[in-house]
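# Understanding the architecture of this molecule
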Amino acid sequence: MSALEPGELTRLLAEAVEPIRPSPDAYQQIRAGIDRRRRLRLPIFTLGGMVMAALVALAVVAIRPSPNNQTVEPAAPPVLPSTYVGPTQAGTVPSSGGSGPTGSGGRGPGQGGGTTRTYSPPRTQVTTPPATEPPLTATPSSPVSATSTNAASPPLPTPVAKPAGVNDIDGDGRPDTIGADGTTLQVQFSRDDQVARIPLTGITTPLNSAVVDIDADGFGELFVQTGAPNGMKTYALVRYTGLDTLTLAALPNELPLAAGVRGNSAYGFRCGQDHTLVISAGTSTDGSQFSVATTTLEFTPTGLTVQGTASSTAHIPSDASPFVPSCGTLS
Amino acid sequence: MTVVEGWRPVPARSDAARSDVARDADAALTALYSEHYRSLVRLAALLLDDVGLCEEVVQDAYIKVHAAWGRLQDRDKALAYLRQTVVNLARSTLRRRLVALKHAPKPMPDAASAEEGAYSLVERAAVIQALRELPRRQREAVVLRYYADMSEADAAAVMGCSVGSVKAYTSRGLSALSGKLEGLR
């Protein structure tokens, strides 16, 4: 078999298709096709755009998250067991400066205060207010931020008597035990033997404290001396704000809870007749003639509020000094 | 997919520029038609297994080239693009015909047709019969190389394969045709 030459193949192919003649209306058919394509272009593009828009809309509808009909409520804060009693000695959950599980219960938050909840009572030393001034040399207790109201804090129990009895903080008619462990105030409640702890900088043992039911609500307020720098005694006021809950109260307007004369300034406080706490602040130019500004504080469930102010003069030492602590056994 | 060099998308034009492009396309279409329509129809007749479809394929190719005229970067290569379009459309037509033949009803008995004319002469040519027995790639390579007189590189560009493949397809096709056309020589 001889191979087919390319030239011969070209000739055969050309001869084979030689009879083909274009149709006379071929050009018109091409022009008609072009015109038909041109006419259809706009509707096709329009239709394509509409289809694309529909697809995009469908995609948006499909992807869009469905409206959530379920109402998600925040979880309630954990409620601390208030009456848990450990086997022998349980841990302490102290909080200071407003951090931690602070609470104020029905009496609301006093300004400043750390609340300590303790669930087991290690029997600590029982301290009664000493007759003499303890050698407190530390700095005054550091200011503690206001205690916020904790919805989970236990409510106040019902007091058995109004006003409360001697050293009765929890209102059960029996005296509670007050002590100190380092710089921590400890109160063991006679109601359920629980111990509350509050860190107070400057307190030392023996503790100088007094329980006075100033507002006569059946729960005693606790005064604790936190220092005596340069002869000026400073105190902290602790309130019973819920079952086994103590709150360190702060005075409004940054009034100091102190007693004594230091140079040309002097402070004092006393428990008023109408269930108030009276703060006296004096200034002098010669150290004997003092201008005294007296602020009367009222106890409210939310803390201490200013009921009224007055001014007077006092000559030290001829007049009775208003610059002493005069509440209960404090003097 | 076959690609013609110089083909690229172009940015959108203004109405005035678009009308200029349309006028150029019309002029180019007329020129391409007068110069190459007949040869392209014959090329399509060699690629297709139904000569009656060759004009339809070529006319579609002209319409497509006219529509795409604005996107043609090198208009000197319009003929190459037109040839490639004819080849691609011929392939598509063959593919469609294969599918149609699979599902076609029983054909009617052959009857003499007054329209057969020149097409019947072509259909009866031995070289055409031998050509249609070749595989599609070999047929394309032989037709493009020896009828369209294209170089191996141009044929490779139109067929969308390498030059080596074109050589192989051409060699095998030529050898097969030699055996089939032995009696004609």
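Below is a summary of the structure that appears in this document. (Residues numbered from 1 in each chain as written. Chains lettered and ligands numbered in written order. Predicted model: local features only at pLDDT ≥ 70, side-chain atom pairs only at ≥ 80, totals over all residues. Heavy atoms only, no water.)

When helices and strands are tallied, chain A shows 2 helices and 15 strands. Scored against the burial criterion, the 331 residues of chain A give a buried share of 44%. Here the analysis covers contacts within chain A between residues at least 6 apart in sequence; of these, 61% occur between residues at least 24 apart. When the accessible surface of chain A is totalled, it reaches about 16,700 Å², and 58% of it is carbon and sulfur. (Helix = DSSP H or I, 4+ residues; strand = E, 2+ residues; numbered from the N terminus. Buried < 20%, exposed > 50% of the residue type's maximum accessible area, 1.4 Å probe, protein only. Contact = heavy atoms within 4.5 Å. Areas by Shrake-Rupley, 256 points an atom, 1.4 Å probe, with all protein chains shown as cover.)

Residues and elements named next belong to chain A. For the coordinates displayed, the defined rule picks out 1 disulfide over all chains. Between the sulfur atoms of C271 and its disulfide partner C327 the distance amounts to 1.7 Å. Torsion about the S-S bond of the C271 and C327 cystine: about 120 degrees, corresponding to right-handed handedness. Note that C271 is positioned in strand β11 (residues 265–271) and C327 in the segment after β15 (325–326), a separation of 56 residues in sequence. Residue C327 is classed as buried on the basis of its relative accessible area of 0%. (Disulfide = S-S within 2.5 Å.)

Turning our eyes to something else, we now look at the side chain of D217(A). Residue and element names in this part refer to chain A. Relative to the elements of secondary structure, D217 occurs in the loop between β6 (209–212) and β7 (221–227). With relative accessibility at 18%, the residue D217 sits in the buried group. A polar atom in the side chain of D217 sits 3.0 Å from the backbone nitrogen of F219. (Polar contact = N/O pair within 3.5 Å; in protein donor to acceptor, adjacent residues only side chain to side chain.)

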